[in-house]
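Summary of structural features
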Amino acid sequence: MSEMDEALKAFLAESREGLEQLEIDLVELEREPGNATRLAAIFRIVHTIKGTCGFFGLNRLEQLTHAAEDVLAQLRDGKISYGFELTAALFELIDAVRAMLVLVEQTGNEGSEDFEPLAARFRALLRTGTAPAEAPAAAAPASVATDDHDRQANLAETAIRVDVDLLDKLMNVVGELVLTRNQILQHVNAQADGALLRISQRLNHITTELQEGVMKTRMQPISTLWNTYPRLMRDLELHTGKQLQLLREGGDTELDRTILQAIKDPLVHILRNAVDHGLEAPDARKAVGKSAVGLIKLRALHESGYVIIEISDDGAGIDTAKVLEKAIARGLLKAEQASMLGERDILELLFQPGFSTAAEITSISGRGVGLDVVRSNVARVGGTVDIQSWPGRGTTFRVKIPLTLAIIPAVVITCHHERYAVPQVNIREIVQLEGHEVARRIEAVHDTRVYRLRGKLLPLVDLRELLRLPPRSSGESVFILVLQSDGREFGLVVDSVRDTEEIVVKPLGRHLKGTRCYAGATIMGDGRVALILDALAIAQQTKVVGESQMAQRAMKQSAAAAAEMSRDEQVSLLLIRVGSDGTAAIPLSWVQRLEEFPVKQIEKAARGEMIQYRDRILPLVRLSHLLDLPTNIERSDNVHVVVHEEAEGPLGLVVDHIIDIVEESAGALAKGGESLTGGLAVVQGRVTEMFDTHTLTRLSRDSLRRTGSSAERKLATETHHEQ
């Protein structure tokens, strides 16, 4: 490549960076028209682009930027006033210059598009000496706040530009070096040569340093992506008539550029969705006591080898009733199935292909293309998307993505003499069970297997059964890998755990691309190929976490099957201890999670007992109090809590003890009435009270409201006496 070509590439890269900064400065200048520092920075960027164009013979680009520079010079000197017309023209300038740069890169020339009308607008602004047009009354400039200052330092002396393709090739070479290193280490460990061992250890150290260095060159701060959002917010203001404020935290959080590019479009989808669906119009916000300016907050942080990106708004929240109405109208489920869905299940409907709650099609949303695309694109890079929403308070999208996809630490396991790799970021802990413990500690009831891990019921998936391998012999020891998927835990039962190793992720061959459970493949130290297990795919395929079994039926069965359950159909139940020695059952569909908390973590407030749970406040209701039964909870160090989620918020039902998860025939169970206990049934040989979930929810909520009302009356009485 000639020196001229190298110089042109540098000009194109520097100009693109300048345009990105120009967008940020323009948004800020629109908010603070008298900011001389911003104006000087804008003038400097346009002047730099104009000055370099002549050197490369880009005459049309030079003429256009020259016209803009003349206006900016007059504005800087105070000879013309600043207004919306000038801002609009400068944003069009950015788009025009960006389009020209693309053509120059692809074809070597500026193209034939005529930008003379835009240049004429700048000349007209120069003649009139003012920018008279006003911004639309419905929109105010978007304000942007960041947690570190804009970096304006000149990095020319400390940084160089490297072609991305070269970095990718270098990363591939390092990957092959890591594979070779692994093979050498495995071979050397079987030898008795001390000198060879020392050399191999030195090679291991150097390879690790080189690997870390190359991976750092591919890392980019997420702020490089976020810097384009102020312009997006401004455009959304003009289209929607809403007033927006954008807050950004953690912009220096770094991740691999490949992943950064992959999540670019999904994040824009979420932002548009937050503005169009989440935030109310200014008048509507004022009517409910909110600021007229809607808040969009971006937050990024590292967590256990992943990058967490949260996009929050302080809007009206998601109307789950409206979501259900749309889902029924689109035929995704029947009306009688809707009552069987929990809060999480309803929000999952938003990710159905083509699903939208927009009342009308606009340029921003309503075309049925959005959240399903978001989840698909994020899943391609090993990430997940979750939604939390609070009525009247707003919605938060939580995107969880790995730092890199190239080289990852993994645990190597075996199952029926075959080796598999499990990424370490998915593993919470590893439990070993000796042969004589397996039958005693792994409880099997019909198709459900659980392991009691420190008092919690951990659902299990046996890798042999999943992969249809021959069963183990009786008395064989096993390992349970406690995996985390989509914020929930389950156990993967494997034959043995061999070692931890850094592996190079290779894509699956065409014959395996349609196979679920695998995230890729790798080459082990002995040259053999091992498949990489995908924790999320395993969880989804086996349905061991995620939606409850009843919700699964509601989503997939027809109305008749859901409304009129066969007498032979199996119903999943949670068995609990009530009072001193009574047994009761709750349909598992009502249960979101099973938790155990130390009593000392329970906080007593005026509105009752509370506990801090997953960044929220979980109100507690003691089941023994609802039934007016004696209990031994007060003498225990820990309490067992059944967590239930619904539109009104989370609810923690405190029970004496969690016994088991079982399945029973629907025909053998008594039907519910208006009492708290829907009737009696024999479950596992014991007379068991069957709780009616609707009544249980209603009475629990009533108990919380009574406690709150009593506290308010007491406070009002005390205030009255003080006065």
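Counting restarts for each chain, with residues numbered from 1 along the sequence as it is written. In keeping with the model being predicted, local features are shown solely for residues with a pLDDT of at least 70 and side-chain atom pairs are shown and tallied solely at 80 or more, while totals for entire chains, interfaces and linings include all residues. Side-chain metrics in this entry use all non-hydrogen atoms of the structure; hydrogen atoms and water are not considered.

The next thing to look at is the overall build of the protein. On a plain count of helices and strands, the protein comes out with 23 helices and 30 strands. Think of it in three bands: with a 1.4 Å probe and only protein chains considered, a residue is buried below 20% of the maximum accessible area for its type, exposed above 50%, and partly exposed in between. Within the protein, the fraction of its 723 residues that count as buried is 48%. The contacts of the protein with a sequence gap of at least 6 include a subset with a gap of at least 24, amounting to 68%. Carbon together with sulfur atoms contributes 50% to the accessible area of the protein, which is approximately 36200 Å² in total. Strands here are runs of E lasting at least two residues and helices are runs of H or I lasting at least four, both read from the DSSP assignment and numbered beginning at the N terminus. Contacts were defined at the residue level, with two residues in contact if any of their heavy atoms lie within 4.5 Å. Residue-level accessible areas treat just the shown protein chains as cover; the underlying method is Shrake-Rupley with a 1.4 Å probe.

Looking now at the nonpolar core. Put simply, buried Ala, Val, Leu, Ile, Met, Phe, Trp, Tyr and Cys residues joined by side-chain atoms within 4.5 Å make one nonpolar core. Of all hydrophobic cores here, the largest spans 46 residues; its most connected members are Tyr229, Met233, Ile309, Val399 and Ile401. At five residues, the largest contribution of residues to this core is made by helix H11 (residues 264–278). With residues near it in sequence (within four places) discarded, Ile309 still touches Ile222, Trp226, Ile263, Leu267, Arg299, Phe397, Arg398, Val399 and Ile401. The next biggest cluster of nonpolar side chains, apart from the first, holds 42 residues, and it includes Ala68, Leu72, Leu75 and Leu118.

The axes of two packed helices give the description: the angle between them and the distance between them. The geometry of H11 relative to helix H16 (residues 371–380) is characterised by a closest axis approach of 9 Å and an angle of 150° between their N-to-C directions. One way to sum up the angle between H11 and H16 is to call them roughly antiparallel. Between H11 and H16 lies a crossing whose hand is left-handed. Here Pro266, His269 and Ile270 of H11 lie close against H16, whose contacting residues are Val373, Val374, Asn377 and Val378. Considering only residue class, the contact of H11 with H16 consists of five nonpolar, two polar and no charged. Axes, fitted as lines to C-alpha atoms, cover a helix only where it is in contact. Angles between the N-to-C directions of the axes lie from 0 to 180 degrees. By the definition adopted for this analysis, an angle is roughly parallel if under 35 degrees, roughly antiparallel if over 145, roughly perpendicular if from 65 to 115, and oblique otherwise. Handedness of a crossing follows from how the near helix is turned relative to the far one, being left-handed for an anticlockwise turn of less than a right angle and right-handed for a clockwise one. The classification used treats Ala, Val, Leu, Ile, Met, Phe, Trp, Tyr, Cys and Pro as nonpolar, Asp, Glu, Lys and Arg as charged, and all other residues, Gly among them, as polar.

Most of strand S8 (residues 394–402) sits out of view: eight of its nine residues are buried. With eight bridges joining them, strand S6 (residues 306–313) and S8 adopt antiparallel strand pairing. Residue Ile308 lies in a different strand from S8, and its bridge partner there is Lys400. Counted between consecutive antiparallel strands, the loop separating strand S7 (residues 384–390) from S8 contains three residues, among which Gly392 sits at a positive phi close to 80°. Whether two strands pair comes down to DSSP finding at least two bridges between them.

Quick look at the pattern of salt bridges now. Whenever Lys or Arg places a side-chain nitrogen within 4 Å of a carboxyl oxygen from Asp or Glu, that contact is recorded as a salt bridge. With the rule as written, the count across this model stands at 31 salt bridges. Between Glu437 and Arg441 there is a salt bridge whose closest N-O contact spans 3.7 Å. In this pair, Glu437 and Arg441 both sit in helix H17 (residues 435–441), four residues apart, roughly one turn of the helix. Residue Glu437 is classed as buried on the basis of its relative accessible area of 16%. In this structure, a network of salt bridges that share partners links the residues Glu23, Glu30, Asp95, Arg98, Arg231, Arg234 and Asp235.

What follows is about the confidence of the model for the protein. Each residue carries a pLDDT score, the predictor's confidence in it, ranging from 0 to 100. Model confidence for the protein is summarised by a mean pLDDT of 77, while 80% of its residues fall at 70 or above. For the protein, helix H21 (residues 559–563) is the element with the lowest average pLDDT, namely 34, and helix H12 (residues 282–287) is the one with the highest, namely 92. Across residues 131–147, where pLDDT falls below 50, the model places 47 contacts with residues more than four positions away in sequence or in other chains. Here residues 149–157 scores under 50 on pLDDT; set against residues more than four positions off or in separate chains, the count is four contacts.

Turning our eyes to something else, we now look at the sheet that holds strand S19 (residues 529–533). If you walk across this open sheet you meet the five strands as S17-S9-S10-S19-S18, and the pairing is mixed. A strand with exactly one partner marks an edge of an open sheet, and here the two such strands are strand S17 (496–504) and strand S18 (518–523). Averaged over all adjacent pairs, the angle separating strand axes in this sheet is 35°, with direction ignored. Pairing between strand S10 (residues 418–423) and S19: two bridges, direction parallel. Residue pairing across strands places Tyr420 opposite Leu531, the latter belonging to S19. Each of strand S9 (407–415), S17 and S18 is contacted by helix H6 (residues 164–188), which is oriented at about 145° to S17, the strand it contacts most.

What follows is about the packing of aromatic side chains. Pairing of aromatic side chains here covers Phe, Tyr and the six-membered ring of Trp, requires ring centres within 6.5 Å, and sorts the geometry by plane angle: under 30 degrees stacked, over 60 edge-to-face, intermediate tilted. Counting across every chain of the model gives one aromatic pair. With a centroid separation of 5.8 Å and an interplanar angle of 85°, the aromatic rings of Phe597 and Tyr613 are classed as edge-to-face. Separated by 16 residues along the polypeptide, Phe597 in strand S22 (residues 593–598) and Tyr613 in strand S24 (residues 608–613) bring together distant segments of the chain. For Phe597, a relative accessible area of 8% puts it in the buried group. Under the relative-accessibility criterion, Tyr613 is labelled buried at 6%.

This paragraph deals with the sheet that holds S22. Ordered in space as S22-S26-S27-S25-S24-S23, the six strands form an open sheet in which the pairing is mixed. Either end of the sheet is taken by a strand with one partner, and the two such strands are S22 and strand S23 (603–605). Direction aside, neighbouring strands of the sheet carry axes that sit 40° apart on average. With four bridges connecting them, S24 and strand S25 (residues 616–622) associate as antiparallel partners.

Here we come to unusual backbone geometry. Within the chain, His416 stands out as a residue other than glycine whose phi angle is a positive 55°. Tracing the backbone through its elements, the reader meets His416 in the loop between S9 and S10. The backbone of His417 sits at a positive phi, close to 70°, despite the residue not being glycine. Inspection of the secondary structure puts His417 in the loop between S9 and S10. For His417, a relative accessible area of 71% puts it in the exposed group.

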